Every structure is written in structure tokens, then in C-alpha cells.
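Below, each chain spelled out in residue letters.
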Amino acid sequence: MLEKLKSRAHALKNEALAVYLAAKDPRTPWYVKALIFFVVAHTFSPIDLIPDFIPILGYLDDLIITPGGLWLAVRMIPPEVLEDARKTVATRGVGRSVGTIGAVMIVLMWIVILIGVVYLIKFLLK
């Protein structure tokens, strides 16, 4: 059972990387590139949008954003672009630089949310 889950997780990461590589291709439309950027950043980020220790919600974002975003992106990417990207992933594997980008995106999102909450509290207390 554990091996099956590990293999599915590895396949999902490979598919996410293929989608990421497809986003770099000039044949991919800009709106698909924007969707892919956010999905892949979330997937490879070592920092979660909603921390996992929060009951139910902590894992819910992982269970919805990654598979749902990848499913939508795969449907929107031109087939020939996706096939080329999958071939590249099969020879290269998953890199670490994508995780750094995802971590930076999540940290920036939390900073913006924190600033917004501080301003909201400041506004309500006046």
C-alpha cells in the first residue's frame, strides 16, 4: 500500500514537472502559463498555503489544488507540447529549483495576507 502511494506521488510530481516544462514552451497560451505557474509553485513548495497541522483544511488544499490544477492545465495545454514535455521529464527527472520558487511564492502570499489582516484590524479599531 505504501509503495503504491509513493509511486503515485512520484508520478504526480513527474506530471507536474511536465506541465511546468510545457509552460516554458512558446506554443503554450499565456493564460495556461499563469495557471501552471501557481499550481506548480504550490505543488513543489516546501511551505504549505494552509499548514498541515490545521485539522482537515491543512490537507484539503493539497488534495484539491494540485490534482485539480494539473487536470485543468493538462486539458488546456496543446497535446504536442505536453508530449514533448513528458519525454523531457522521462530523461531528466524532478529538479530542486522549482521547490525554491514555490516556497518564495507561498511566503510572499502569507506576508501579503498578514499585512492585510494588520491593516484590517487597524481599520476596525479606529
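Residues numbered from 1 in each chain as written. Predicted model: local features only at pLDDT ≥ 70, side-chain atom pairs only at ≥ 80, totals over all residues. Heavy atoms only, no water.

Asks: Would you mind going over helix 4 (residues 79-92) with me for this structure?
Replies: Two residues of an α-helix separated by three or four positions point the same way, owing to the 3.6 residues in each turn. With 14 residues, helix 4 extends 20 Å from end C-alpha to end C-alpha; this agrees with the ideal 20 Å at 1.5 Å per step. Taken as a whole, helix 4 has its buried residues at Val81, Leu82, Ala85 and Val89. The buried residues of helix 4 occupy an angular sector of 95 degrees when the element is viewed end-on, so they sit on one face. In helix 4, the exposed positions that point more than 90 degrees away from the buried face belong to Pro79, Lys87, Ala90 and Thr91. Structurally, helix 4 contributes buried residues whose contacts are with helix 1 (2-24) and helix 3 (57-76). (Helix = DSSP H or I, 4+ residues; strand = E, 2+ residues; numbered from the N terminus. Expected span 1.5 Å × (residues − 1). Buried < 20%, exposed > 50% of the residue type's maximum accessible area, 1.4 Å probe, protein only. Arc of directions from axis to C-beta. Contact = heavy atoms within 4.5 Å.)

Asks: Can you walk me through the side chain of Asp25 in this structure?
Replies: Here Asp25 is to be found in the loop between helix 1 and helix 2 (30-44). On the basis of relative accessibility, which here comes to 16%, the residue Asp25 falls in the buried class. Contacts of Asp25, omitting those with residues within four sequence positions, involve Lys33 and Val81.

Asks: Where do I start with the layout of surface pockets in this structure?
Replies: Leftover empty space is mapped by rolling, across the atoms, a probe with the size of a water molecule. By volume, the largest pocket is sized at about 320 Å³. Lining the largest pocket we find twelve residues, and of these Leu12, Lys13, Thr43, Asp62 and Thr66 sit closest to its centre. Secondary-structure elements contributing two or more residues to the lining of the largest pocket are helix 1, helix 2 and helix 3. Among the elements that make up the lining of the largest pocket, the one with the highest residue count is helix 3 (four residues). Its residues assigned to classes, the lining of the largest pocket shows five nonpolar, four polar and three charged. (1 Å grid on protein atoms, 1.4 Å probe; cavity = no way out; pocket = protein on both sides within 12 Å on 5 of 7 lines; lining within 4 Å. Points joined across faces, edges and corners; volume = space filled by probe spheres on them. Nonpolar A, V, L, I, M, F, W, Y, C, P; charged D, E, K, R; others polar.)

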